[in-house]
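# Structural description and commentary
What follows is the residue order along each chain.
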Amino acid sequence: MDGSGHRRAALTARTAGLVGCRQCTRVSPLGTELCPRCGGRLESRDETSLQKVWAWWLVGVMFYIPANVYPMLITRTVGRSQEDTIVGGVVELTHYGAWGVAAIVFFASVMIPVGKFIAIGYLAMIVRKPHGHKPGHLLHLYEVVEWIGRWSMIDVFVVAILVALVQFELLASINPGIAAVCFALSVVFTMLSAMSFDSRRIWDEIETVTKEGAE
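All values derive from a computational prediction rather than experimental measurement.

## Structural notes on the side chain of Ser 193
- Along the chain, the position of Ser 193 falls in helix α6 (residues 178–196).
- The class of Ser 193 is buried, set by a relative accessible area of 0%.
- From its side chain, Ser 193 meets the backbone oxygen of Val 53 in a polar contact 2.9 Å long.
- Sequence-distant contacts of Ser 193, defined by excluding residues within four places in its chain, comprise Val 53, Trp 56, Trp 57 and Ile 120.

This is the structure we're talking about:
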């Protein structure tokens, strides 16, 4: 705020007539089409960002549903075949007393994906119009979603390891179910949705709130 009690306008790259490259971070005058350093396309804001976010988000949700309905693992032993879904596998682990492993599988396969869907959808909705949330908090939420994306394939890695290790031909074998493929595709599309989100739109709220406060 200045001496008269009014909030000062936040100086951003766009208000200063500049645009930053998202690839090499070099700053160029606003209106420059290509970055002089890396040749990347320069855009003050990605106008199609939210459309791409929602498109990838919807496809991710569509694949996540069958990932929980169809079997993730198909276990075959002598004279017996068992199919386990994600939640069914968690229940099975708790039945055998493996509470720690069950908690990890439930957290990685249910809590994290659902949390990512909610967080991405929330960010995509909140940046469409002025709101009272601090942009810094929204940016932290976006960074958490991006960071946690690298751990979303834990369940698929566990399935791959089990398939590789437990192959005793006629005695026992473990094969991945169709849910493993659906889950992997859901994770990929969710990551693409998060990557399509233009985080610079979060900071537009600073400009909006500042202008309203100054008036």
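Back to the write-up after that little detour.
## Some remarks on the packing of helix α1 (residues 49–69) against helix α3 (residues 99–126)
- α3 packs onto α1 with a crossing angle of 155° between their chain directions and a minimal axis gap of 11 Å. Compared by their axis directions, α1 and α3 come out roughly antiparallel. Helix-helix and strand crossings are classified by hand; for α1 and α3 the assignment is left-handed. Contacts between α1 and α3 involve Leu 50, Val 53, Trp 54, Trp 57, Gly 60, Val 61 and Tyr 64 from the first element and Ser 109, Val 110, Pro 113, Val 114, Phe 117, Ile 120, Gly 121, Ala 124 and Met 125 from the second.

## Details of the environment of Ala 108
- Here Ala 108 lies in helix α3.
- Residue classification places Ala 108 among the buried positions, given a relative accessible area of 3%.
- Each C-alpha atom of the pair Ala 108 and Trp 151 lies 7.6 Å from the other, and the pair is 43 residues apart in sequence.

How each quantity is defined
- Residues numbered from 1 in each chain as written.
- Predicted model: local features only at pLDDT ≥ 70, side-chain atom pairs only at ≥ 80, totals over all residues.
- Heavy atoms only, no water.
- Helix = DSSP H or I, 4+ residues; strand = E, 2+ residues; numbered from the N terminus.
- Buried < 20%, exposed > 50% of the residue type's maximum accessible area, 1.4 Å probe, protein only.
- Polar contact = N/O pair within 3.5 Å; in protein donor to acceptor, adjacent residues only side chain to side chain.
- Contact = heavy atoms within 4.5 Å.
- Axes fitted to C-alpha atoms, helices over the stretch in contact; angles between N-to-C directions.
- Parallel < 35°, antiparallel > 145°, perpendicular 65-115°, else oblique.
- Left-handed = near helix turned anticlockwise from the far one by under 90°.

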